[in-house]
Amino acid sequence: MTGPGRQPEMSLDGGTPRHRAGRRRGRGDPNATVPPADFTSYYGRPVVKASPWEKDIPAYLFLGGLAAGSSLLAAGGAASDRPALRRHGRITAFAAISLSFAALVHDLGRPSRLLNMLRVIKPTSPMSVGTWLLAGYGPLAGAAALGELAGSTPRGRGPLRLLSALRGPAGVGATLIAPAVATYTAVLLSDTATPAWSAARKELPFVFAGSAAAAAGGLAMATVPVSQAAPARRMAVGGALTELAAQQVMERSMGLSSETLSTGIAGRWHRLARVSTGGGVVLALTGARSRTLSVLAGLALTTGSFATRFAIFEAGQASARDPRYTIVPQRERLDAAAGETPH
Amino acid sequence: PVGFQWVMEAKARGATVIHVDPRYTRTSAVADIHAPIRAGGDIAFLGGIIHYILSRELDFREYVTAYTNAADIITDRFIDTEDLDGLFSGFDPEGRKYDTSTWQYEGASEAAAAGNRSQHDTASDTSAGDQHGSGGPAISRAEVHRDETLQHPRCVFQILKRHFARYTPDMVERVSGCPQDVFATICEAVTRNSGRDRTTAWVYSVGWTHHSVSIQYIRSAAILQLLLGNMGRPGGGIMALRGHASIQGSTDIPTLFNLLPGYLPMPKSSQPDDLDGYAQGMIGDKQKGYWANAKAYTVSLLKSYFGDAATADNDFGFRWLPKISGDHGTYQTTLDMLDGKIPGYFVVGENPAVGSAHGKLQRLAMAKLEFLVVRDLAMIETATFWKDSPEIGTGELRTEDIGTEVFVFPAAAHTEKNGSFTNTQRMLQWHHQAVEPPGDARSELHFFYHLGRRLRAKLADSTDPRDQPMHALTWDYPTEGPLAEPKAEAVLMEINGYGPEGDLSSYLELKDDGSTACGCWIYCGVGAGGVNQAARRKPGAEQSWVAPEWGWAWPANRRILYNRASADPAGKPWSERKAYVWWDEEAGSWTGHDVPDFEATKRPDYRAPADAEGPAALNGDDPFVMQADGKGWLYAPSGLLDGPLPTHYEPQESPVRNALYGQQANPTRQVYIRDENPSHPSADEPGADVYPYVFTTYRLTEHHTAGGMSRGLPYLAELQPAFFVEVSPELAAERHLQHGAWCHLVTARAAVEARVLVTRRVTPLKMGGRLVHQIGVPYHWGQNGLTTGDSANDLFGLALDRNVHIQESKVASCDIRPGRRPRGPALIAYIAASRDKAGITPETGNTALTSPAWRGLSERAEADAHNNPGGA
Amino acid sequence: MGRLSGPVDPALDAGWSEHPPRMGFFTDTSVCIGCKACEVACKEWNAIPEDGLSFTGESYDNTGALGGSTWRHVAFIEQPRQLGDRAAELPAPTGVDLGMPSIGMPSGDGTGVGAPGDVRWLMSSDVCKHCTHAACLDVCPTGSLFRTEFGTVVVQEEICNGCGYCVPACPYGVIERRSGPAGDVAVGVAQKCTLCYDRLGAGQTPACAQACPTQSIQYGDLDELRTRAEGRLAQLHDTGVSDAQLYGASPDDGVGGAGAFFLLLDKPEVYGLPPDPVVCTRDLPSMWTRAAVAAVALAGAAAMCFGGRR
Ligand SMILES: Nc1nc2c(c(=O)[nH]1)N[C@H]1C(S)=C(S)[C@@H](COP(=O)(O)OP(=O)(O)OC[C@H]3O[C@@H](n4cnc5c(=O)[nH]c(N)nc54)[C@H](O)[C@@H]3O)O[C@H]1N2
Ligand SMILES: Nc1nc2c(c(=O)[nH]1)N[C@H]1C(S)=C(S)[C@@H](COP(=O)(O)OP(=O)(O)OC[C@H]3O[C@@H](n4cnc5c(=O)[nH]c(N)nc54)[C@H](O)[C@@H]3O)O[C@H]1N2
Ligand code: SF4
Ligand code: SF4
Ligand code: SF4
Ligand code: SF4
Ligand code: SF4
Ligand SMILES: [Mo]
């Protein structure tokens, strides 16, 4: 089972390495408890397995959020007679959900067996729930988007006209499912033994909801004329602020594993996300009237959302690969339950 | 591991498990006590326990007095190692051998002991134990003197006491490195667990046997067990855990050069070429015990070989048996090959290129053959040495120069053929064929039967007298199946034997008149009633705890040998708990859980008449019925070539000086003083510091011996995928060895590279103020298979035990250095440089006598003995 | 949907109204001799490919961890021996000082040499725990993982699409997608111990337990095994092995009790086991609730964005 080239930590006594923890604490994290000075593991090997997922999955998370937010924008656009926003929203939603779906399929070990997902409906499996959500959402978003495209052709005939006619109801349907599409992915991650994801379970839906709003709003800001973009801007800014605030709370409740958000690849994504999202908010608030600034702000917010998904994904992977994040909190829990003071 | 389940079961039932091993192994991990010890230190260790017993009188006195030769008095010409600085009386430094006549019982006529019995050369180039077969060596029937009070200064008991007097805990620690408190705990545990109500077993395998003093290791355990009354009793004994499947079988029906089936000695060219002379030599005058029937066993064997052609008139074909003229053991044969004396070599289920000591010598020797036949399951290094041996890499061998024609025959594995395994308990278990062998693979039985058939056909017209045995041979086994496979059970029944009334059922039925035929007398009964008794598999739960109906054990399905000793001299069990075999007064016979190893109706109080012979000459309380005097031998007056008592000697190569005697190593060890076989200087000799570390070789559970059966199997190879050596953190620091990185070991023979495993399971031992580092080296690797690596056996030279010619592969000295070894011709230069640095010549390390004091002492001692003939 | 936590009869919970007793393993690591027969037997029986000839340097463990091609894994832990580990198992000597293992060993004298015998070597054969509440099974979106009538958890190789969700879900890091050349058996598909479902069905003992020479791996009716384990634990405690502990035996633990549980001689993490594993789906209801709240909030917030000024 050992991967080739793995350089295990070999201790001189050939025995169990003791790991120093407590280095590399997230800076400026007043709530972090001082972890035990050392902990025991089996040759520093992971206790839980990191997901086998690759970059497709954070992309999938992002795109799902983008799609969901876009559907909401589209609905608002339709309701408030902002055709550009509506049109952008529907097309973006469909494009994003299609890519998201492709990413998901790409990550399967046996893509040809994709449809086996539809064998069962399992509320205990966020992926099953998600699959069914997507199974509902995808066609509706597709119909809505195609309807937009069909509606824009000069003289619609037959099927095209039908599509065009259906885009309204399809859009409504997609909109009803969209919020769930945006947040179920949080459960998808949290419903695992991956320490960082699991520890983030309370706030992650809000982070992802905010992130979805920021991404969709941001992208709309960048593409929709300023005249119709105000709700998108509000949504983007509101989403971004939610995303930032929820993450702040989340990092606290994550405890030890929040470290993984500030170190390594995840740390880099996380910093990018904060800068990008924060900057996006400032830009959006200050440059609402400027097309250029709006585009910049929108792209920054979208990027921020994208980076947030990657940060959280990578943090989870890193937290699974280092046994410290599995063992230390569990040991503390046990010791606390046994009435021992953690040392 | 499968065998170890019984150790675990014993532990679960409350047994204390003690493990004596240089390394802390998987066995140590589950043992109650692990005694770390320097490789080669066991005689000191066991001697220390013997000393502990004797000095505190903790021996099982009643048992010792009645059943051992403790009371026997030894001649006054015997001088002990204590008085000769590590040698026994009778040493001949030029011949490197002992004249054993001074070791005899008093009263045994010296002529009889030394000369009369031609079989019993007092010193011999051939192996010793096999001179006498499964019976002890003959001793003279002249009256042996005994002192039942054990007070006579020359009685065995007192000699023993003096011999081991200096094996104190302090000395044990100085010699073996075993810490005194651990040692004390063990002494206490062993003695407390022996006696009427409890027994202790010693289990050993090659940690004790691969030494130049190997036989004496086992002798030490024998003394210990006799003193504690642990022989012939349930839960006692000395268990040799034999290695290869049926390696026990291949000594019973031997693949050894110096034995015939059933431990009958191989006839020698130096002896009279007639049956009576042979039998007489084996048995001696008026021999006591069952060995007296050895002639019947021999005749029956000859009848089974030659059938009708064996008649009383032609000595039953005795003259057709090949005669040996010296040592034809595996290492001597290798050297003879090297010297061009041997044209052809059959290697059947063995991989000497990897498995035998001094691998390079093995390979160079095979390159000198005309032909080589290899029968194996895998393409082993022995079969491919001509194209990919390390010597091809260094340029010492070139494929185009090697004239050896190699024939490789794929062999059928045990699952692909019928047959029997004999295990360490002497138990035969039948295995049935499960599948047909693949492709051209055939069983050994097939190969040899059809080879014999073809040879006989070729020689059918020959009138050459030397082909006579081939004509006379019975060679007519029924065959079965599409491959014309000889019926294995037919062979088994031939081994079992038959008489006028059909299949025999016991060796007691064997006759020396030619009316019975038996392929191996000790196996007689395995086919009793025409039934393959070895195939019995009655579950343990359905029979007594001795499980007599599982397989069949020789002799006579007896599970514990010498079990008469499980009862006291009066025939009553020593204790209820340990009752095994006892005298039933009402029935007038021996009875119990096992087949009694005694004449069934001989009363415990039977006293043999003075002129009795054979079994009848044994008293009713002489349990060791195969021994010439019916006693367990604490002291072996004959039969061994290197001393009547075990004595600690250092190995051939040792960084340590013998702390007990001026004599460093076993003076009779077999060495080969040749350029190809350099040895290291030892202890304080100049150059010894070039090889400052002790290394030992051993097995990993995950691999099998020379690796042919494991290195090529993915599921085993992945479990131990690299040749590694185990070193202590201290040694790693001293030699800058990095955990997981490469290192190489250097001896005067080779440099081999391996990965470093730094582990606390290996500890340097403190001995007499100095620190001795040991290196653990598993020996499974070679160049073929899925996991490949250098071969540990290339590190060794040849130094053998004199008695049985076993190689000293459990201990030698070496250097260890970080990094990989040089390659190609640079490797040869590298090793040569090391040799030069140590100033090694062929003579180095091979001096027989190293005691400076010996000559003076022995002259004085002999003079004393002469002046004071009666002893003290 | 069955219950997500707490003690239950998993087979019944999964809908097997009539089912044989729950079967499982009690692995008593105190008698494991580290022979790895279990690893080999498992691979042989299940035709699992060899997965790497790499030397790890981690004691005698070159297997490393459970995974797609390793369903049994024997861990080797070399430790400095602590006083009391096995001291009490030694026979009580009379007269001599029981020096084993002690701090006062002659060699503990500052030479830097560890006292001989001051090491202990733990061995333990790890396997899928066949959790009462199996995260892998719960999260599997295809139904490839299922609960058998014996209460065990098995992957149906031909159904799994390799979504990989079960992998991070397992709190013990057991299940994994098999890697190897595409097209080889089960490559890309989640793999783990089946508790030899095929053998159980035929009334046979799992291959690993069958091969284990020391009965370190005991297979049987889980209730009976739990009773037996309690007895063994008490026995070890009586002989002074105070570190001995059962792991996974309690139905009240975070996974509702493991179908394969252990007797360990040290803390679980020493063996690479999580000290207090919890099935992730225990918190699923609250996660769904929060996700729903977040979703509704998102929708509401979106609506609000369209209120007010243009
Ligand atoms: N898995 C597996 N099983 C096998 C085999 C195999 O290759 N693989 N081989 C079979 C065969 S052929 C045999 S002969 C047996 C051998 O079985 P063992 O005798 O158990 O084999 P080894 O591992 O060679 O040696 C045993 C121990 O002796 C120790 N030792 C070395 N020198 C000394 C010494 O001077 N004194 C003492 N007290 N100990 C010492 C070594 O450290 C080692 O741990 O195993 C059989 N069983
Ligand atoms: N340094 C060092 N050297 C040692 C030892 C040590 O401890 N240290 N141990 C020694 C000991 S105890 C032993 S027994 C030897 C073992 O050394 P070898 O006997 O030379 O080595 P094996 O690998 O056991 O070789 C047995 C071969 O028999 C083949 N085989 C198996 N079954 C059959 C069959 O039915 N028919 C045929 N024809 N072939 C079959 C296998 O494939 C294998 O290649 O090594 C000895 N050498
Ligand atoms: S390989 Fe050795 S341990 Fe395994 S069953 Fe055969 S004899 Fe026993
Ligand atoms: S241990 Fe992991 S793989 Fe096994 S049943 Fe439990 S969750 Fe599933
Ligand atoms: S990888 Fe296979 S078994 Fe695992 S959750 Fe996905 S479909 Fe189920
Ligand atoms: S139960 Fe079967 S599948 Fe599971 S580890 Fe044991 S042998 Fe392998
Ligand atoms: S087979 Fe048994 S004794 Fe051997 S390693 Fe596995 S669990 Fe331990
Ligand atoms: Mo052997």
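Conventions we followed
All residue numbers refer to position in the chain's written sequence, counted from 1. The lettering of chains begins at A and the numbering of ligands begins at 1, in the order of writing. Selection of residues for local features in this predicted model requires a pLDDT of at least 70, selection of side-chain atom pairs for listing and counting requires 80 or more, and totals for whole chains, interfaces and linings are taken over all residues. Note that water and hydrogens are dropped before the side-chain values are worked out from all heavy atoms of the structure. Numbering goes from the N terminus for both helices and strands, where a helix is a DSSP run of H or I of at least four residues and a strand is a run of E of at least two. Three exposure classes are used, based on accessible area relative to the maximum for each residue type with a 1.4 Å probe and protein chains only: buried under 20%, partly exposed in between, and exposed over 50%. Here, residues are in contact when the closest pair of their heavy atoms is within 4.5 Å. In these tables, accessible area is a Shrake-Rupley quantity obtained with a 1.4 Å probe, and a residue counts as shielded only by the protein chains included in the view. Consider each residue's heavy atoms; a residue with any of them within 4 Å of a molecule or strand counts as near. Under this definition, polar contacts are N or O atom pairs within 3.5 Å; protein pairs additionally need one hydrogen-donor-capable and one acceptor-capable atom, and for neighbouring residues in sequence, both atoms have to be side-chain atoms. Only Asp, Glu, Lys and Arg are considered charged in this grouping, and only Ala, Val, Leu, Ile, Met, Phe, Trp, Tyr, Cys and Pro are considered nonpolar; every other residue, Gly among them, is considered polar. Paired strands, in this sense, are two strands between which DSSP finds at least two bridges. One confidence number per residue, pLDDT, is output by the predictor and ranges from 0 to 100. Buried area counts how much accessible surface, traced with a 1.4 Å probe, disappears from two parts once they are put together, with both parts' losses summed. Whenever Lys or Arg places a side-chain nitrogen within 4 Å of a carboxyl oxygen from Asp or Glu, that contact is recorded as a salt bridge. To estimate the expected span of a helix, count its residues, drop one, and scale the result by 1.5 Å. Within the patch definition used here, like charges are joined within 9 Å and nonpolar side chains (Val, Leu, Ile, Met, Phe, Trp, Tyr) within 5 Å, considering only residues with over 30% relative accessible area and no salt bridge. Interaxial angle, 0 to 180 degrees, is taken between N-to-C directions of lines fitted to C-alpha atoms, where a helix line uses only the stretch in contact. For classification, angles of less than 35 degrees are called roughly parallel, those exceeding 145 degrees roughly antiparallel, those between 65 and 115 degrees roughly perpendicular, and all remaining angles oblique. Should the near helix be turned anticlockwise from the far one by less than a right angle, the crossing is left-handed, and should it be turned clockwise, the crossing is right-handed. Put simply, buried Ala, Val, Leu, Ile, Met, Phe, Trp, Tyr and Cys residues joined by side-chain atoms within 4.5 Å make one nonpolar core.

Glancing now at the overall build of chain C. Per the secondary structure count, chain C includes eight helices and 10 strands. For chain C, the proportion of its 310 residues judged to be buried stands at 65%. Partitioning the contacts of chain C with sequence separation of at least 6, the portion at a separation of at least 24 is 66%. Roughly 10400 Å² of accessible area belongs to chain C as shown, and the carbon and sulfur atoms make up 55% of that amount.

Residue and element names in this part refer to chain B. The local shell around ligand 1 holds 25 residues, among which D21, D42, R699, H703 and T705 are the closest. At 2.7 Å from an oxygen atom of ligand 1 is found a main-chain nitrogen or oxygen belonging to G40. Interatomic distance of 2.6 Å between a side-chain N/O atom of R699 and an oxygen atom of ligand 1. Protein burial of ligand 1: of its 910 Å² of free accessible surface, 82% is covered by the chains. Elements represented by at least two residues in the shell around ligand 1 include exactly α9 (206-209) and β22 (693-698). For the shell around ligand 1, the leading source of residues is α9, giving three residues.

Right, let's talk about the side chain of S128 of chain A for a bit. Relative to the helices and strands, S128 of chain A resides in helix α3 (residues 126-152). Ignoring sequence-local partners within four residues, the contact set of S128 of chain A consists of V120, I121 and K122 of chain A together with P141 of chain C.

Once that is clear, we can look at the site of ligand 5. Around ligand 5 sit C140, P141, T142, S144, L145, C160, N161, G162, C163, G164, C166 and A190 of chain C, and that is every residue in its neighbourhood. Partitioning the shell around ligand 5 into residue classes produces seven nonpolar, five polar and no charged.

One open sheet accounts for three strands, arranged β12-β13-β18 (chain B); its pairing is antiparallel. One side of each edge strand has no neighbouring strand; the edge strands of this open sheet are β12 (419-422) and β18 (552-553) of chain B.

Moving on to the environment of K572 of chain B. Residues and elements named next belong to chain B. Along the chain, K572 turns up in the loop between β18 and β19 (581-584). Exposure remark for K572: the relative accessible area of 52% places this residue in the exposed category. For K572 and E585, which are 13 residues apart along the polypeptide, the C-alpha to C-alpha distance reads 10.0 Å.

All names here are of chain B. Within the secondary structure, T168 sits in the loop between α6 (156-163) and α7 (169-176). Judged by relative accessible area, T168 falls into the partly exposed class, the value being 27%. Expressed as a C-alpha distance, the spacing of T168 and Q180, which sit 12 residues apart in the sequence, is 9.6 Å.

The next point concerns the confidence of the model for chain C. Residue and element names in this part refer to chain C. On average, residues of chain C score 88 in pLDDT, and 86% of them are at 70 or above. For the stretch residues 82-114, pLDDT sits under 50, and the model shows 69 contacts to residues farther than four places along the chain or on other chains. Two numbers describe this predicted complex: its pTM, 0.92, and its ipTM, 0.93.

With that settled, the discussion passes to the environment of S214 of chain B. Residues and elements named next belong to chain B. With respect to the element layout, S214 can be found in helix α10 (residues 214-227). Along the chain, S214 and V671 lie 457 residues apart, while their C-alpha atoms are 15 Å from each other. Apart from residues no more than four positions distant in its own chain, S214 is found in contact with W208, T209, D801, V804 and I806. Only 3.3 Å separates the side chain of S214 from the backbone oxygen of T209, close enough to count as a polar contact.

A few words now on unusual backbone geometry. Here the residue pair W554 of chain B and P555 of chain B is connected by a cis peptide bond, since its omega of -10° sits within 30 degrees of zero. Take P555 of chain B: it is sitting in the loop between β18 and β19. Positive phi, close to 50°, is recorded for L195 of chain C, a residue that is not glycine. Among the secondary structure elements, L195 of chain C is positioned in the loop between β7 (190-191) and α5 (197-201). Residue L195 of chain C is classed as buried on the basis of its relative accessible area, which comes to 1%.

Quick look at the interface of chain C and chain A now. Across the boundary between the two partners, chain C contributes 86 residues, which contact 76 residues of chain A. Between chain C and chain A lies a buried interface of about 6500 Å² when both sides are counted; carbon and sulfur atoms form 58% of it. The residue R45 of chain A makes a salt bridge to E58 of chain C at a minimum N-O spacing of 2.8 Å. For the pair chain C and chain A, the number of links is 34 residue pairs in polar contact (both at pLDDT 80 or more). By residue number, the principal contributor to the side of chain C that touches chain A is helix α8 (residues 284-305) of chain C, which donates 12 residues. For the side of chain C that touches chain A, a count of residues per class yields 48 nonpolar, 21 polar and 17 charged.

This brings us to α10 of chain B. Residues and elements named next belong to chain B. The end-to-end C-alpha distance of α10 is 21 Å, a good match for the 20 Å that 14 residues give at a rise of 1.5 Å each. Burial analysis of α10 places 13 of its 14 residues in the buried class, which makes it a mostly covered element. Positive phi appears at G229, one or two residues downstream of α10, with a value of about 70°.

Judged by side-chain polarity, L115, L118, I121 and W132 of chain A come together as a nonpolar surface patch covering roughly 410 Å² of accessible area. Note on placement: W132 of chain A falls in helix α3.

Once that is clear, we can look at the packing of helix α2 (residues 83-106) of chain A against helix α6 (residues 204-223) of chain A. In helix packing, the relevant descriptors are the interaxial angle and the interaxial distance, both defined with respect to the helix axes. Residues and elements named next belong to chain A. It is at 10 Å that the axes of α2 and α6 come closest, and there the two elements cross at 125°. Considered as vectors, α2 and α6 are oriented oblique to each other. The way α2 lies across α6 gives a crossing that is right-handed. Only L219, A220 and T223 of α6 make contact with α2, whose side of the interface consists of L85, H88 and T92.

Moving on to the side chain of T384 of chain B. Residues and elements named next belong to chain B. On the secondary structure map, T384 appears in helix α17 (residues 381-388). Residue T384 is classed as buried on the basis of its relative accessible area, which comes to 4%. Within the structure, the side chain of T384 is placed 3.0 Å from the side chain of D388, a separation counted as a polar contact. T384 has contacts with M379, S389, Q783 and N784, leaving out every residue within four places of it along the chain.

So, about the pattern of salt bridges. Summed over the entire model, instances satisfying the criterion amount to 64 salt bridges over all chains. Between D276 of chain C and R333 of chain A there is a salt bridge, with the nearest N and O atoms lying 2.8 Å from each other. Of this pair, D276 of chain C sits in the loop between β10 (260-264) and α8 while R333 of chain A is found in helix α10 (residues 323-337), placing the two residues in two different chains. According to the relative accessible area criterion, D276 of chain C is buried, its value standing at 16%. Through salt bridges with shared partners, one network takes in R86, R90, E148 and R167 of chain A.

This brings us to the nonpolar core. Core analysis: the biggest nonpolar cluster contains 204 residues, and Y137 of chain A together with V725, V727, L745, I775 and I816 of chain B have the highest contact counts within it. The element contributing the most residues to this core is α6 of chain A, with 11 residues. Setting aside anything within four residues of it in sequence, one finds L745 of chain B in contact with V725, A750, A751, V752, I775, V777, L795, C814, D815 and I816 of chain B. Judged by nonpolar contacts, the second largest core, of 137 residues, contains A35, V182, A472 and V526 of chain B.

Take the sheet that holds strand β11 (residues 405-410) of chain B next. All names here are of chain B. The three strands are arranged β9-β10-β11 in an open sheet whose pairing can be described as parallel. The strands lining the two open edges of the sheet, one partner per strand, are β9 (344-348) and β11. Strand-to-strand twist across the sheet, computed as the mean angle between neighbouring axes with direction ignored, equals 10°.

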